[in-house]
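Next come the chains, spelled out residue by residue.
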Amino acid sequence: MGWFRKKEEVKAPAAVEEKKELWAVCPSCKAQSYKDEWDKNFSVCPQCNFHDKITWQERLNVLLDPGSFREINEEITTSDPLEFKDDKGSYAEKAQAAKAKTGMKEAVVTGRGKIHGIRVVIAVMDFRFLGGSLGSGTGEKILLAAEYARRHAYPYIVVSASGGARMHEGIISLMQMAKTCAGIARLKKEGIPYISILTDPTTGGVSASFATMGDLNVAEPKALIGFAGRRVIEETIKQKLPDDFQTSEYMLEHGFIDQIVNRKEMKNFLYKVLRYWKAK
Amino acid sequence: MSLDFEKNMPEIEAKIAALTKQKAADPNAKVDDQIAGLKQELEKVAKEVYSSLTPWQTVQVARHPGRPLFRDYITGICGEFIELHGDRCFGDDQGIIGGFATIGDSRVMIIGHQKGKTLEENMKSNFGMATPDGYRKAMRLMKLAEKFKTPVICFIDTPGAYPGLDAEARGQAEAIARNLTEMSQLETPIIALVTGEGGSGGALGIGVGDVILMLSNSVYSVISPEGCASILWRDGSKAPEAAEALKITAASLLKLGVIEEIIPEPAGGAHRDHENTFRVVKQTLLKHLKILKNVSEWKLVDRRFEKYCRIGRFKNR
């Protein structure tokens, strides 16, 4: 829904703006393509197959049956346990700005929906909201969705897009790693399927918690996936890192990803797996 | 190494050392009263200084090279220690070590980050920054503890998980995530104690438990103050401000409901008095071991889950 609405908004009167919206530039290979073509291709570069970041609405449109999504715990939002401030302002203000910009209350949206008729519980992270960072509200929603999946015995799917823990919430944010993993552990114990989809980027505290704990870990092509930041590693080991370091392809090669699946084929891939698990 | 906020503590200590030396050389020297007076004065100043440390000063104390390291605690509080090596996967990380041990009458699995005392030791243990092999070794030992029904005690003292090419290639993220997941369901008591630096995911990787303790001058944070300052302030030298904002002291964590208890260090910090630090750590561990021993395994796991669910569940959002 989100991006159809966005396309309508393109009919801006000013010529300059129209020109800007006519083209999409790939953040990876810098090739230009028609915005229409780019959108039709689910924000995947037709030239290099880079999978650009998309909004939670766009993600749900790609993955779920139209009209099947029902949001849960939509009221949960950010909180500011440390009353955090830096020299540029307060976390409260930053969170408010993120909410105004995205219309979201937290960096993740959770709910239930259907994939070709199969019921699932899904959590979708959105990088636009404070870099998809894992705050207390984010952790709470991911945990509660896991518990919802467990109680109803629906498969659980989490789509990650996050730079890691949200440092403005300090230690409370770090503890969300333990909390979300505790939720995932309960699914494992009771045989509830859990699929983790890793998209660009999935790093830090999110890669070191629920995102790498899937029964299946599936990644989009060319996503940045890793624990420590590239610069930190280069400074520590005093070496230049290979170009493909911390990509989906690197993670597949090193045994941490089951499959790399194109955005266009993700829904059918999920259906194939879910149907296989369902068959008795 | 003395710290710049310790007022005249180093001078008093130097005087005490000189008089003690004099006494050793000449047993008839009349210096006992003087030494006793200086010791009293030292304790007074130490109490004053250490009761009002800023968060950034606390970071300096938490990182003090003279603090007891994990192997010192093993020697200081354990009767027996049978070290176990290797992750049965790739190697034997020296950043995390562990094994079967006894504390008083209790059998425990003891696991901890090991920093080094010398540069050579630090090279071996990456300054206490564990690799995935370390986290996997820790998990192997915890599973053994579960099998043999021994409680797990984890000593946390790390700047963070090792950020290196090999660590990434072997799955630093997965190794930590696996530990968080498995520790939440481990059917044996887990006590974690932050003795120095609790550095982010590298600390949490052996830090999920039923009871989380911190020494009074230790810190525990989602990111180092320097790292936070260089990202949010765009200036690493603003670390003192970041340390303040991040709320990383034991008192803050107790208030935030992340830890269960603070273990008070001797006046002047653990680095000044290893023996008394061991004594109070041992006492506190034995107290909690006794309490946890009486909780059934399923109840333990259930309570642990509920505890982590509550962290960051704020009513008035």
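Residues numbered from 1 in each chain as written. Chains lettered and ligands numbered in written order. Predicted model: local features only at pLDDT ≥ 70, side-chain atom pairs only at ≥ 80, totals over all residues.

Colleague: What's the story with the overall build of chain B in this structure? I'm lost.
Modeller: Of the regular secondary structure elements, chain B holds 14 helices and 8 strands. In terms of C-alpha radius of gyration, chain B reaches 21 Å, essentially the compact-globule figure of 20 Å for 317 residues. Considering only residue pairs separated by 6 or more positions, chain B has 69% of its internal contacts joining residues 24 or more positions apart. (Helix = DSSP H or I, 4+ residues; strand = E, 2+ residues; numbered from the N terminus. Rg over C-alpha atoms; globule rule 2.2 N^0.38 Å. Contact = placed C-beta atoms within 7 Å.)

Colleague: Can you help me understand the overall build of chain A in this one?
Modeller: What chain A contains, in helices and strands, is 11 helices and 12 strands. Taken over the C-alpha trace, chain A has a radius of gyration of 19 Å; the compact-globule value for 280 residues is 19 Å, and the two agree within 12%. Across its three principal axes, chain A shows a C-alpha extent of roughly 55 × 50 × 45 Å. A total of 280 residues make up chain A; the buried ones form 49% of that total. Restricting to contacts in chain A with at least 6 residues of sequence separation, those with at least 24 account for 67%. (Buried ≥ 20, exposed ≤ 12 C-beta atoms within 10 Å, placed from the backbone.)

Colleague: Is there a simple way to explain the confidence of the model for chain A in this structure?
Modeller: For any part of a model where pLDDT is low, the fine detail of the predicted coordinates should not be relied upon. Of all residues in chain A, 92% attain a pLDDT of 70 or more, and the chain-wide mean is 92. Segment residues 1–18 of chain A: pLDDT under 50, and 12 contacts once partners within four positions in sequence are set aside and those in other chains are kept. (pLDDT = per-residue confidence, 0-100.)

Colleague: I would appreciate a short explanation of the pairing of strand β3 (residues 106–113) of chain B in the present structure.
Modeller: As a general feature of sheets, a regular strand has side chains that alternate between the two faces. Residue and element names in this part refer to chain B. Of all 8 residues in β3, 6 are buried; the element is thus mostly enclosed. Here strand β2 (residues 96–103) runs beside β3; their pairing, made up of 8 bridges, is antiparallel. Directly across from I103, in β3, lies its bridge partner S106. Turn length for the β2-β3 hairpin, with the two strands adjacent in sequence and antiparallel, is 2 residues, and the turn residue G104 shows positive phi of about 55°. Where β3 and strand β4 (residues 152–158) come together, 4 bridges link them in parallel fashion. Looking at β4, one finds that M109 is bridged to V152. (Pairing = 2+ DSSP bridges.)

Colleague: Help me understand the domain arrangement of chain A in this model?
Modeller: Often the size quoted for an interface is simply the accessible area lost on bringing the parts together. Residue and element names in this part refer to chain A. You can read the domains of chain A as domain 1 (1–50) and domain 2 (51–278). Relative placement of domain 1 and domain 2: their C-alpha centres are 25 Å apart. Tallied by class, residues from the side of domain 1 that touches domain 2 come to 6 nonpolar, 4 polar and no charged. (Domains from an automatic or database assignment. Nonpolar A, V, L, I, M, F, W, Y, C, P; charged D, E, K, R; others polar.)

Colleague: So what exactly am I meant to see when it comes to the pairing of strand β9 (residues 194–203) of chain A here?
Modeller: Residues and elements named next belong to chain A. Burial runs high along β9: 10 of the 10 residues are buried. As judged from the 6 bridges shared by strand β8 (residues 156–162) and β9, these two strands associate in the parallel manner. Note that in β9 the partner of S162 across the bridge is T202. Note on the crossover from β8 through helix α7 (residues 170–189) to β9: the handedness is right-handed. The pairing of β9 with strand β10 (residues 216–219) spans 4 bridges and is classified as parallel. When the sheet's bridge partners are listed, S196 is paired in β10 with N217. Inspection of the sheet shows β9 paired to strand β11 (residues 225–226) by 2 bridges, in the parallel sense. Looking across to β11, one finds that T203 is bridged to G226. (Right-handed = clockwise from strand over helix to strand, strands pointing away.)

Colleague: Would you take a moment to explain the interface of chain A and chain B for this structure?
Modeller: Residue-level contacts link 49 residues of chain A with 41 residues of chain B. Those elements that place two or more of their residues in the side of chain A that touches chain B are β4 (85–86), α6 (136–152), α7, α8 (204–207) and α9 (230–237) of chain A. Of the residues contributing to the side of chain A that touches chain B, the split by class is 26 nonpolar, 17 polar and 6 charged.

Colleague: Just to check I follow, could you spell out helix α6 (residues 132–147) of chain B for this structure?
Modeller: With 16 residues, α6(B) should cover 22 Å at 1.5 Å per step; its first-to-last C-alpha distance of 23 Å lies within 8% of that length. Against β2, β3, β4, α7 (165–169) and α8 (172–183) of chain B lie the buried residues of α6(B). (Expected span 1.5 Å × (residues − 1).)

Colleague: Looking at this model, I keep getting lost on the environment of B:Y220. Mind explaining?
Modeller: Among the secondary structure elements, B:Y220 is positioned in strand β7 (residues 219–221). Separated by 22 residues in sequence, B:Y220 and B:G198 have C-alpha atoms that sit 4.0 Å apart. In contact with B:Y220, not counting residues within four places along its chain, are A:I171, B:V194, B:G198, B:A203, B:M214, B:I248 and B:L253.

Colleague: How do you make sense of α7(A) when you look at a structure like this?
Modeller: Side chains of residues three or four places apart in an α-helix project in the same direction, reflecting 3.6 residues per turn. Residues and elements named next belong to chain A. Relative to the 28 Å expected for 20 residues at 1.5 Å per residue, α7 spans 30 Å between its end C-alpha atoms, a close match to the ideal helical length. With respect to burial, α7 is a largely interior element, 18 of its 20 residues being buried. Count one or two residues on from α7 and you reach G191, which has phi positive near 70°.

Colleague: Looking at this model, I keep getting lost on unusual backbone geometry. Mind explaining?
Modeller: Across the chain, the bulk of peptide bonds are trans and the bulk of non-glycine residues have phi less than zero. All names here are of chain A. With an omega of -15°, the peptide bond between D200 and P201 qualifies as cis. Here the phi dihedral of E83 falls at roughly 50°; this positive angle occurs in a residue that is not glycine. Relative to the elements of secondary structure, E83 occurs in the loop between β3 (70–71) and β4. One non-glycine residue, H116, adopts positive backbone phi at about 45°. You can see H116 is positioned in the loop between β6 (108–115) and β7 (118–125).

Colleague: Can you help me understand the nonpolar core in this one?
Modeller: Most often, soluble globular proteins keep nonpolar side chains buried together rather than apart. Among the nonpolar cores identified, the biggest contains 149 residues, and A:Y156 and A:C181 are the most heavily contacted of them. Per-element accounting of this core gives the leading share, 11 residues, to α7(A). One finds B:L38, B:L42, B:A46 and B:Y50 within the second-largest nonpolar core, a separate group that totals 6 residues. (Core = buried A, V, L, I, M, F, W, Y, C linked by C-beta atoms within 7 Å.)

Colleague: Help me out: how do you make sense of the domain arrangement of chain B in this one?
Modeller: The domains assigned to chain B are domain 1 (9–52) and domain 2 (58–310). Inter-centroid distance (C-alpha atoms) of domain 1 of chain B to domain 2 of chain B is 34 Å.

Colleague: Explanation requested: the packing of α6(A) against α7(A) in the structure shown.
Modeller: Geometrically, a packed helix pair is captured by the angle between its two axes and the distance between the axes. Residues and elements named next belong to chain A. At a minimum axis distance of 9 Å, the contact between α6 and α7 shows a crossing angle of 5°. With respect to each other, α6 and α7 are oriented roughly parallel. Within the contact between the two elements, α6 uses S136, T138, G139, I142, L143, A146, E147, A149 and R150 and α7 uses I172, S173, Q176, K179, T180, G183, I184, R186 and L187. For the contact of α6 with α7, the residue count by class is 7 nonpolar, 7 polar and 4 charged. (Axes fitted to C-alpha atoms, helices over the stretch in contact; angles between N-to-C directions. Parallel < 35°, antiparallel > 145°, perpendicular 65-115°, else oblique.)

Colleague: Help me understand the environment of A:L224 in this model?
Modeller: Residues and elements named next belong to chain A. Tracing the backbone shows L224 in the loop between β10 and β11. Along the sequence, L224 and T199 sit 25 residues apart, while their C-alpha atoms lie 7.5 Å from each other. Apart from the residues within four sequence positions on either side, L224 is in contact with D200, P201, T203, Q246 and T247.

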